[in-house]
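Chain by chain, the residues:
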Amino acid sequence: MATHSENQYFVPHGSIYPSILSAGLLSMAAGFVFSVATDRGGDSLAYLEGPGKWMMYFGLAVVLFMMFKWLGTVVTESVTGKYKNWEDKSFRWGMIVFIASEVAFFAAFFGALFYMRVLSVPDLAGFDPNFTPYKDFLGTWPSQGPGGVVLGETFEPNPAFKPMHWMGLPLINTVLLLTSGATITWAHWGLIKNNRKQLIIGMALTVALGIAFLICQGLEYHHAYTEMGLTLGSGAYGATFFMLTGFHGFHVTIGTLMLIVILLRCMKGHFTPEHHFGFEGVAWYWHFVDVVWLGLFIFVYML
Amino acid sequence: MSTTTVAHHEEHSDHPTGIMRWLTTTNHKDIGTMYLTFSLVMFLVGGAMVLGIRAELFQPGLQLMNPDFYNQLIGVHALIMIFAALMPAATGFANWMIPLQIGAPDMALPRLNNWGFWLLPPSAILLTLPFTLALFGIGDGAIATGWTFYPPLSVQGGIGVDFAIFAVHLLGVSSVMGSINIIVTLFNMRAPGMTLMKMPMFAWGWLITAFLLVATIPVLAGAVTMLLTDRHFGTHFFDAAGGGDPIMFQHLFWFFGHPEVYILLLPVWGFIPQILQTFSRKPMYGYKAQVYSLWAIGALAVVVWAHHFFTAGMPVPALLYFMYSTMAISLPLAVLFFCWIKTMWKGSMSFETPMLFAVGWIILFGIGGLTGLVLADVAADAQYHNSYFVVAHFHYTLFAGGIMGIMAGVYYWLPKMTGHMYNEKLGKLHFWLTAISFNVTFIPQFFVGLAGMPRRIPDYALQFAEFNMISTIGAFILGFSQLLFVYNIIMCAKGGQKATDKVWEGAEGLEWTLSSPPPYHSFNEQPVIK
Ligand code: HEM
Ligand SMILES: [Cu+2]
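Now for a quick tour of the structure. (Residues numbered from 1 in each chain as written. Chains lettered and ligands numbered in written order. Predicted model: local features only at pLDDT ≥ 70, side-chain atom pairs only at ≥ 80, totals over all residues. Heavy atoms only, no water.)

## Focus on the overall build of chain A
Note the threshold: In this text, helices come from DSSP runs of H or I with a minimum length of four residues, and strands from runs of E with a minimum of two, each type numbered from the N-terminal end. Any residue under 20% of the maximum accessible area for its type is buried, any over 50% is exposed, and the rest in between are partly exposed; the area is computed with a 1.4 Å probe on protein chains only. Throughout, a residue-residue contact means that at least one pair of heavy atoms, one from each residue, lies within 4.5 Å. By the counting scheme adopted, Arg and Lys are positive, Glu and Asp are negative, and His together with the chain ends is not counted. Working definition for charges: the position is that of NZ of Lys, CZ of Arg, CG of Asp or CD of Glu.
Helix and strand content of chain A: eight helices and two strands. Written out in order from the N terminus, the α and β elements of chain A read α-α-α-α-β-β-α-α-α-α. Taking the principal axes of its C-alpha atoms as reference, chain A extends roughly 80 × 45 × 35 Å. Here chain A, with 303 residues, has 49% of them falling under the buried criterion. Sequence separation of at least 24 residues holds for 72% of the intrachain contacts in chain A that already meet a minimum separation of 6. Across chain A, the centroid of the 15 positively charged side chains sits 14 Å from that of the 18 negatively charged ones.

What follows is the structure, given as structure tokens:
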């Protein structure tokens, strides 16, 4: 609870950024829907595709610009000493709850993976052979499903399909991320000891490891699509593989961008040994991304 | 106690006026007002849609609309009422009252708070835009799957489904941001001396609501994302040909959906006891028991989801587990009912409008809970599932338990928020019209449901004609009675008899120590609770 000596909580000025940001999101969402309208709306909507894309990109630009301005304001407020311990505590709680909500988001996709692997795929193979269209389906994992006609579209499993093995790139990626967890902690120690050199080297290493991870993941995806017949459309395995690793990779991308910002702020000397929530919040996020990867490595790649 | 040394606020009192005030505000009262106003507007929009539905059902046969449009109205009505009317109303109260009740200068993260609100209008646009687009020949209208998005229908559907998916995404972000803010505020902004177990019950209700939101809304976001990729990017999450399963969607959806019904009600369970205690002029009965019950319900809420699709096929042990765990929720719920009644017991009660709504609420919500128990019975549910019995059940919980609870809160706090008393006579009239026409609307739906009338179908067998006619008449009275409510609120905001600081003789709590209306910035100096 707040200590009473600093009972003047900082309530910021009104800000236009959140509402414009929301308008940008609206434009992005509606633009996306228009850009893919032919998928389920028929060819007569093809003329919407071009304008839809522009709407989407425009919205994205607005969103990015507003986030830049908004976070910029936060940084300014931070370096001008607006945030004391009381505000700091709010940010900490806020970040913890936010990460909890991210955990729940990934839980949905892990849940889908377990459900398909343990329930729906074996079930499809387990019907009475006299009454099933999936007679020859074995129901083993990894699976692309039995194939068949659904919603008027025929789906045929790709005979060239291979699942991703955990050795090789995924293992390298595990090492990269785990190491980056160590380097960011080392950087944090540097920050606490007021050792700027250690801080900046640690952060730079972390950023480099994050980028290396993303490059490896890019190679992995390329390999999957071009040589292994493993795509988003490869049935249960492909869907869970790409959605889980894809959302994780997206989080690594965001995390790396945040790390870069923090690195720049470290170089500018924004953080003090006592007061550096910005650093810690990003570090927490990075650890979270790390832990999710371990889950992926075990459940998607290894088992 | 309401020392207003505004100098510490960066925004001083020179905040912008006009539209810019509302677009940019970081003030919890302004944001609360926006949430409540938005909620009221969307309540009327969603209500207008359902009057279309009831008009179609006035007689058997198809009179006014084609079945597809009928289903669009059903789906958008539900999404609007749940996400754009009920949830924002509860969040609006949270914004207005939580800082006042716990002696905080504002919400903990004011800019985030503003964003939480401003995500709502875009979502409402996304939900309703497809209707307008269809008028211009673009697409075939809004989402027609009901609010539950079940595949394969939702994979086949037109662009209305995509719009609804993104609406749900934005609403979800809004809810998570709101929840973060409320959790942080409750943990970090309480006045010195206010321990958790001294928090007002409304704060407790919202704390658990916020936890539920953080745990379940992202799962819904994940589920509709899978729908989106199934629709456009060739995944097979809900498609047996690829090893997926449409029933998996039901699991994911109801993992969110069941907790959602408590998300809608827990804030109400928070302030109803406060209203009961005010108008019974005696302390709340069983504060601790209520807090523990709220926790128990919050915990059970996330482990009972499959009772919504017993008939979809499940192993018998799973049926039994979900049946018994669902029924177990009625135990803590019964504790709450007991505490509510005991709070009134031998009190010196008076029946101003908020109290009328609160007492009526207990009875009608009680019916909702009891009929839920019937549905939780696996054997019985095979008959009742997807029938009008379910529709009646959840309207007793969501209209009576949710909306009428919110109305009790509106009448209770309106004088505090506006500084004026509302028109008591009109308020009472509104209550009686609402309570009676609500029952006229929904009791017949229990009967037709028991007799086998299915939901989400615009036509029905002749034997259901009389009951449907009665139900439609009730619905129109119910709908138009709400205009009294709107009128009363507008008149109260404009003027009327000055409200005192305490407003109600028996009112207890920090919000009643401030002036009515409270100053723009309250509790810059936190009060100390003993
Ligand atoms: C002890 C309390 C309750 C029990 C045992 C219970 C049980 C059930 C069951 C078993 C169903 C599924 C019926 C079917 O589709 O066949 C159901 C539906 C529903 N219940 Fe409840 N319920 C309870 C309280 C509530 C509350 C408090 C709310 C809302 C605030 C609520 C809202 C709903 C809704 C919205 C549906 C229908 C969802 C849909 O299919 O669209 N229920 N309830
Ligand atoms: Cu339920």
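## Examining the coordination of the copper ion (ligand 2)
All names here are of chain B. Under the convention used in this document: Think of the donor list as every N, O and S atom within 2.8 Å of the metal, or within 3.2 Å for Na, K and Ca; water never makes the list, so a site can look incomplete.
The copper ion (ligand 2) binds to the protein through H258 (ND1), H307 (NE2) and H308 (NE2); the donor distances cover 1.9 to 2.0 Å. Expressed as a motif, the donor residue spacing for the copper ion (ligand 2) is H-x48-H-H. Between the copper ion (ligand 2) and the iron atom of ligand 1 there is a metal-metal distance of 4.6 Å. Classification of H307 by relative accessible area gives buried; the value is 12%.

## Description of the environment of A90 of chain B
All names here are of chain B. Here A90 shows up in helix α3 (residues 67-102). Residue A90 is classed as buried on the basis of its relative accessible area, which comes to 5%. For the pair formed by A90 and S39, sequence separation is 51 residues and the distance between their alpha carbons is 9.2 Å. Discounting chain neighbours no more than four positions away, the residues touching A90 are F202, W206, P267 and I406.

## Examining the site of ligand 1
Residues and elements named next belong to chain B. Here is the rule: Distances are taken per atom, and a residue is near a molecule or strand as soon as one of its heavy atoms is within 4 Å of it. For the purposes of these results, a polar contact is taken to be a pair of N or O atoms within 3.5 Å, where, inside protein, one atom must be able to donate a hydrogen and its partner to accept one; residues adjacent in sequence count only when each atom of the pair is a side-chain atom. Residue polarity follows a fixed list, in which Ala, Val, Leu, Ile, Met, Phe, Trp, Tyr, Cys and Pro are nonpolar, Asp, Glu, Lys and Arg are charged, and the others, Gly among them, are polar.
Around ligand 1 sit 22 residues in total, of which W147, D381, H385, H393 and R455 are the nearest. Contact between ligand 1 and D381: an oxygen atom at 2.5 Å from a side-chain N or O atom of the residue. In this structure, R455 approaches ligand 1 through a side-chain N or O atom, which is 2.8 Å from an oxygen atom. Taken together, the elements giving at least two residues each to the shell around ligand 1 come down to α9 (246-280), α13 (353-376) and α15 (388-418). Sorting elements by how many residues they give to the shell around ligand 1 places α13 first, with six residues. The residue inventory of the shell around ligand 1, partitioned by class, reads 12 nonpolar, eight polar and two charged.

## Observations concerning the pattern of salt bridges
Residue and element names in this part refer to chain A. The condition that has to hold: Note on definitions: salt bridges are taken to be side-chain nitrogens of Lys or Arg within 4 Å of carboxyl oxygens of Asp or Glu.
Across all of its chains, the model carries eight salt bridges over all chains by this definition. With its nearest N and O atoms 2.9 Å apart, the salt bridge here joins R92 to D88. With R92 and D88 both in helix α4 (residues 85-125), this residue pair falls four residues apart, about one helical turn. For the salt bridge of R92 with E280, the shortest nitrogen-to-oxygen distance reads 3.0 Å. Residue R92 is located in helix α4, and its partner E280 is located in helix α8 (residues 277-302); the two are separated by 188 residues in the primary sequence. You can call E280 buried: its relative accessible area is 14%.

## Considering helix α10 (residues 287-301) of chain B
Residue and element names in this part refer to chain B. Put simply, the rule is: Given a helix with a known number of residues, its expected span is that number minus one, times 1.5 Å. Of all possible arcs, the one meant is that of the directions from the helix axis to the C-beta atoms.
Between its terminal C-alpha atoms α10 stretches 21 Å, which fits the 21 Å expected from 15 residues at 1.5 Å a residue. Residues of α10 that are buried: Q290, V291, S293, L294, I297, G298 and A301. Angularly, the buried residues of α10 cover 165° about the axis, an arc narrow enough to put them on a single face. Turned more than 90 degrees away from the buried face of α10 sit K288 and Y292, all of them exposed. Each element contacted by the buried residues of α10 is listed here: α8 (201-232), α9 and α12 (330-344).

## Observations concerning the environment of I406 of chain B
Residue and element names in this part refer to chain B. With respect to the helices, strands and loops of the structure, I406 is situated in helix α15. What makes I406 buried here is its relative accessible area of 9%. Sequence-wise, I406 and A499 are 93 residues apart; in three dimensions their C-alpha atoms are separated by 21 Å.

## Structural notes on the packing of aromatic side chains
Residues and elements named next belong to chain B. The criterion, for reference: Each Phe, Tyr or Trp ring (for Trp, its six-membered ring) is paired with any other whose centre lies within 6.5 Å, and the angle between the two planes then decides the class: stacked below 30 degrees, edge-to-face above 60, tilted in between. Placement of a positive charge over a ring is assigned whenever Lys NZ or Arg CZ falls within 6 Å of the ring centre and within 35 degrees of the normal to the ring plane.
For the structure on display, the rule yields 81 aromatic pairs over all chains. Look at Y422 and W504: their rings are 6.4 Å apart centre to centre, the planes differ by 50°, and that puts the pair in the tilted class. Placement of the pair is Y422 in the loop between α15 and α16 (424-450) and W504 in the segment after α17 (465-494), with a sequence separation of 82 residues. Residue class for Y422 comes out buried when judged on its relative accessible area of 5%. A relative accessible area of 5% places W504 in the buried class. Seen from the ring of W22, R21 lies directly overhead, with NZ or CZ sitting 4.4 Å from the centre.

## Quick look at the coordination of the iron atom of ligand 1
Between any two of four tetrahedral donors, the ideal angle at the metal is 109.5 degrees; between two of six octahedral donors, it is 90 or 180 degrees. The sole protein-derived ligand of the iron atom of ligand 1 is H393 of chain B (NE2), positioned 2.2 Å away. The topology assignment puts H393 of chain B in helix α15.

## Quick notes on the interface of chain B and chain A
What counts here: Buried area is understood as the total, over both parts, of accessible area removed when two parts are fitted together, assessed with a 1.4 Å probe.
Each side of the interface is counted separately: chain B has 82 residues, and chain A has 74 residues. With both sides pooled, the region where chain B packs onto chain A buries about 6500 Å², and carbon together with sulfur makes up 72% of that total. Run the count over chain B and chain A and you get one salt bridge. Here R111 of chain B and E77 of chain A are joined by a salt bridge, their closest N and O atoms 2.8 Å apart. Joining chain B to chain A, the criterion identifies 17 residue pairs in polar contact (both at pLDDT 80 or more). Of all the secondary structure elements, the ones that give two or more residues to the side of chain B that touches chain A are α1 (18-24), α4 (110-118), α5 (120-135), α6 (153-156), α7 (159-188), α8 and α9 of chain B. Tallying contributions element by element places α8 of chain B first for the side of chain B that touches chain A, with 13 residues. Each residue belonging to the side of chain B that touches chain A can be placed in one class, and the counts come to 47 nonpolar, 24 polar and 11 charged.

## Focus: the nonpolar core
Basically, it comes down to this: Residues belong to one nonpolar core when they are buried, are Ala, Val, Leu, Ile, Met, Phe, Trp, Tyr or Cys, and are joined through side-chain atoms within 4.5 Å. Domain ranges listed in this record stem from an automatic or a database domain assignment.
One finds M203 and F279 of chain A together with F149 and W269 of chain B to be the most contacted residues of the largest nonpolar core, which totals 277 residues. The element contributing the most residues to this core is α3 of chain B, with 23 residues. Composition of this core by domain shows at least three residues from each of domain 1 (14-82) and domain 2 (86-302) of chain A. If near-sequence neighbours (up to four positions away) are discounted, M203 of chain A is found in contact with I184, A187, L259, I262, L263, C266 and F279 of chain A.

## So, the packing of α4 of chain A against α8 of chain B
This is how the line gets drawn: For every element, the axis is a line fit to its C-alpha atoms; helices are fit only across the contacting stretch, and the angle between N-to-C directions ranges from 0 to 180 degrees. Every angle not falling under 35 degrees, over 145, or within 65 to 115 is termed oblique; those three ranges are roughly parallel, roughly antiparallel and roughly perpendicular. A crossing counts as left-handed when the near helix is turned anticlockwise from the far one by less than a right angle, and as right-handed when that turn is clockwise.
Their axes nearest at 7 Å, the elements α4 of chain A and α8 of chain B cross at an angle of 45°. In terms of orientation, α4 of chain A and α8 of chain B fall into the oblique class. Crossing handedness for the pair α4 of chain A and α8 of chain B: right-handed. Here V97, A100, S101, A104, F105, A108, F109 and A112 of chain A of α4 of chain A come into contact with α8 of chain B, specifically with V214, A215, P218, V219, A221, G222, T225 and M226 of chain B. Considering only residue class, the contact of α4 of chain A with α8 of chain B consists of 13 nonpolar, three polar and no charged.

## Concerning the packing of α3 of chain B against α15 of chain B
Residues and elements named next belong to chain B. Across the interface, α3 lies against α15 with an axial gap of 11 Å and an inter-helix angle of 35°. Here α3 runs over α15; the crossing is left-handed. Where α3 approaches α15, its residues Y70, H77, L86, A89, A90, F93, W96, M97 and Q101 are matched on the opposing element by Y388, H395, L398, G402, I403, I406, G409, V410, W413, K416 and M417. For the contact of α3 with α15, a count of residues per class yields 14 nonpolar, five polar and one charged.

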